[in-house]
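Chain by chain, the residues:
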Amino acid sequence: MTDETAAGEAIGYAEVMRRLPHRYPFLLVDRAEDFVSGTSITGIKNVTHNEPYFPGHFPIDPVMPGVMIVEAMAQTGALMMSKTLDVAVEGKVIMFMSIDGVRFRKPARPGDQLRMKVVVTRQRGDVFKFRGETFIDGRLAAEADFAAMVVTVEEPAG
């Protein structure tokens, strides 16, 4: 591996916004690092006290819901797919297809930074299978195998 491919490419917030259709309160990737086309990416999510789910989950001891951590991994995979395939956001969307082997190891709380390492395990056309691992302070917090595909969005009638 050369120094250029070892580091991978960074993806800033502006590009994340161009490549993912999600918006507040459901955009769960702030930026990404170590993007290697068709191979891997590391998504970054800074968890703040202002997350909309904390008042109800749980007011006295806030914990990020596990499904939101899984969604953050899926959005990281979608970001990698969008950049790899150069998918235009207009008229296309990357949809979550399946998830297996989810394990939660450490809770995410306000002030934590999630580092979602997502690796392609298989690709066939517009369908990708991934292995995702989320780390907090270098410790494994969650893991999952998941798949996603590119779907054409139909214009609403009318």
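Everything discussed here concerns the structure shown above.
For the rest of this paragraph, the subject is the overall build of the protein. Scanning the protein from terminus to terminus reveals three helices and seven strands. Across the protein, helices and strands are ordered from the amino to the carboxyl terminus as α-β-α-β-β-α-β-β-β-β. Radius of gyration (C-alpha) of the protein: 16 Å, near the 15 Å computed for a compact globule of 158 residues. The C-alpha extent of the protein, read off along each of the three principal axes, is 55 × 45 × 30 Å. Taking as baseline every contact in the protein between residues at least 6 positions apart, the subset at least 24 positions apart corresponds to 65%.

This brings us to helix H3 (residues 66-85). With 20 residues, H3 extends 29 Å from end C-alpha to end C-alpha; this agrees with the ideal 28 Å at 1.5 Å per step. In terms of burial, H3 is largely enclosed, as 16 of its 20 residues are buried. In the stretch just after H3, Asp86 is the one whose phi turns positive, near 50°.

As a further point, take the side chain of Glu51. Along the chain, Glu51 falls in the loop between strand S3 (40-46) and H3. Here the side chain of Glu51 touches Lys45 through a polar contact of 3.0 Å, side chain to side chain. In this structure Glu51 touches Lys45 and Asn46, once residues within four positions along its chain are discounted.

Glancing now at the pattern of salt bridges. Overall, the coordinates contain 11 salt bridges when judged by the stated rule. One salt bridge connects Lys83 with Glu15, and the closest N-O pair in it is separated by 2.9 Å. Here Lys83 is found in helix H3, whereas its partner Glu15 is found in helix H2 (residues 13-19), with 68 residues between them in sequence. Assigned by exposure class, Lys83 and Glu15 land together as buried. Through salt bridges with shared partners, a single ionic network connects Glu9, Glu15, Arg19, Lys83 and Asp86.

Think of a sheet as strands paired side by side through backbone hydrogen bonds, with each pair either parallel or antiparallel. Strand order in the open sheet formed by seven strands is S1-S2-S3-S5-S6-S7-S4, and the pairing between neighbours is antiparallel. A strand with exactly one partner marks an edge of an open sheet, and here the two such strands are strand S1 (9-11) and strand S4 (92-104). Between one strand axis and the next, the sheet turns through 25° on average, direction left out of account. Pairing of strand S2 (residues 31-36) with S3, which is carried by four bridges, proceeds in the antiparallel orientation.

Another point: unusual backbone geometry. Note the cis peptide between Tyr24 and Pro25, where omega equals 5°. Topologically, Pro25 is positioned in the loop between H2 and S2. In this structure, the amide linkage connecting His57 to the following residue, Phe58, adopts the cis form with an omega of 0°. Its place among the elements puts Phe58 in the loop between S3 and H3. A positive phi angle is found at Asp34, which is not glycine, with a value near 55°. Residue placement: Asp34 occurs in strand S2.

Our focus in this paragraph is the pairing of S3. Extensive coverage of S3 is indicated by the burial of six of its seven residues. Hairpin geometry of S2 and S3 is characterised by an intervening segment of three residues between the two adjacent antiparallel strands and by a positive phi of about 70° at Gly38.

What counts as what
Residues numbered from 1 in each chain as written. Predicted model: local features only at pLDDT ≥ 70, side-chain atom pairs only at ≥ 80, totals over all residues. Heavy atoms only, no water. Helix = DSSP H or I, 4+ residues; strand = E, 2+ residues; numbered from the N terminus. Rg over C-alpha atoms; globule rule 2.2 N^0.38 Å. Contact = heavy atoms within 4.5 Å. Expected span 1.5 Å × (residues − 1). Buried < 20%, exposed > 50% of the residue type's maximum accessible area, 1.4 Å probe, protein only. Polar contact = N/O pair within 3.5 Å; in protein donor to acceptor, adjacent residues only side chain to side chain. Salt bridge = Lys/Arg side-chain N within 4 Å of Asp/Glu carboxyl O. Pairing = 2+ DSSP bridges. Axes fitted to C-alpha atoms, helices over the stretch in contact; angles between N-to-C directions.

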